[in-house]
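# Observations on chain architecture
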Amino acid sequence: MKIAIVCYPTFGGSGVVATELGLALADHGHEVHFITYKQPVRLDLLSKKIHFHEVTIPQYPLFKYQPYELALSSKLVDMVKLYQIDIMHVHYAIPHAYAGYMAKQMLAQAGIEIPMVTTLHGTDITLVGNHPFYKPAVTFSINNSDCVTSVSQSLKDDTLRLFDIKKTINVVPNFIDTKRFENQFTDCQRSIMALPQERIITHVSNLRPVKRVQDVIQIFSLVQKQIPSKLLIVGEGPEKEPAEALAESLGIADKVVFLGNSNEVDKILCFSDLFLLPSEKESFGLAALEAMASGVPIISSDAGGLPEVNIAGESGYLSAVGNIKEMAANAIKILKDDATLASFKANAKKSSLRFDTKRVVPQYEALYEACAFKACSGLIFYKHLFF
Ligand code: GMT
């Protein structure tokens, strides 16, 4: 098939999933066209099967806000016509589903019927999309998509609770190529980051308020009192400065390393012993899944889809949002001795296999086939993923 993928190209789970999906689809022989405003961060390889079409917006002084949706829908129309695209797959409802719908209408006028799959990722529903200013447009775009997927059961439930949805939502969970996380590094270079007796605790996110980065610092502060350790924070965002200030005020600044954005998260996870994700909301928690695939146990909140990914007592522990003390106590439970840590590490890795590319990408392919025949409402995949 010829598939157009619309996504955010920057650091963030939805763009990562969309990129990995495109790469896997190309591997399966499909022709994939990424359409977005910048080359996606993990898309370093373009080929006959993988194309990238940049959406550019001419600046005009009259506009306070540049009309990205307009430029995107025009680009979609042009690319669908030029490459005879069979299906559009838009990731993150705002504004991609809306722009996709407009492109569909313009193409219909030219006699081209093109199905559109919309994948809901999280904050497009739970935070931003739910805002009254966006809600009518988001509801409309979801109801006018040909097929809709959500990345977790929890996000599906939230969508049905928060919006008046007439469409069936298929749960197709996020996935990763677990092979990529098999330890290919002979030397993890752990010694650069910590002393041999120290544990390494890691947090990876876009450091926005929803990630509760202050909790990460507080949890670490309690843990390091009992277990010699270092905290590595990967990512950039508005919570970075307040987090730095908190580490300073708690007197632990020398034990907290802010690494900024990284394209080599797998290398950092390679030498990590524990991953913290105490988010306020999290539809899935792709970062946690990546950590698990690297054999890193998770201390997380029980928000959203996290209980579907992080299995309590197996891959880590979950606590109510904001329960810093319990999260720290659970972290200490995992890190306290080598045997316990090794067992959690092995179980985290095993648990991540539920979400391997090989198990999930065929579900999207089946969905595309069904979508072309307007028959995606009967597909139920998710239950089969659990063993
Ligand atoms: O975090 C966001 O605002 C957007 C989005 C992103 O692009 O990273 O994150 C969401 O989508 C990811 C991929 O499906 C999920 O793994 C994240 O859990 C989800 N974030 C939230 O729900 C906060």
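The model shown is predicted, which means the values in this text are computed figures rather than measured ones.

Taken together, 16 residues sit near the ligand, with G13, S14, H121, T123 and E282 positioned nearest. N174 is positioned such that a nitrogen or oxygen atom in its side chain is 2.8 Å from an oxygen atom of the ligand. For the ligand, an oxygen atom lies 2.6 Å from a polar atom in the side chain of E282. Summarising the interface, the protein chains cover 94% of the accessible area of the ligand, which totals 490 Å² for the free molecule. Partitioning the shell around the ligand into residue classes produces four nonpolar, nine polar and three charged. The residue makeup of the shell around the ligand includes at least three contributed by each of domain 1 (2-175 + 356-386) and domain 2 (178-354).

Annotation of the protein chain at the domain level lists domain 1 (2-175 + 356-386) and domain 2 (178-354). Each side of the interface is counted separately: domain 1 has 25 residues, and domain 2 has 19 residues. Each partner contributes to the roughly 1700 Å² buried at the junction of domain 1 and domain 2, and carbon and sulfur atoms together form 51% of this total. Scanning the region where domain 1 abuts domain 2 turns up zero salt bridges. A per-element tally of the side of domain 1 that touches domain 2 places helix α1 (residues 13-27) first, with four residues. Each residue belonging to the side of domain 1 that touches domain 2 can be placed in one class, and the counts come to twelve nonpolar, eight polar and five charged.

The rules behind the values
Residues numbered from 1 in each chain as written. Predicted model: local features only at pLDDT ≥ 70, side-chain atom pairs only at ≥ 80, totals over all residues. Heavy atoms only, no water. Near = heavy atom within 4 Å. Polar contact = N/O pair within 3.5 Å; in protein donor to acceptor, adjacent residues only side chain to side chain. Areas by Shrake-Rupley, 256 points an atom, 1.4 Å probe, with all protein chains shown as cover. Nonpolar A, V, L, I, M, F, W, Y, C, P; charged D, E, K, R; others polar. Domains from an automatic or database assignment. Contact = heavy atoms within 4.5 Å. Buried area = accessible area lost by both parts, 1.4 Å probe. Salt bridge = Lys/Arg side-chain N within 4 Å of Asp/Glu carboxyl O. Helix = DSSP H or I, 4+ residues; strand = E, 2+ residues; numbered from the N terminus.

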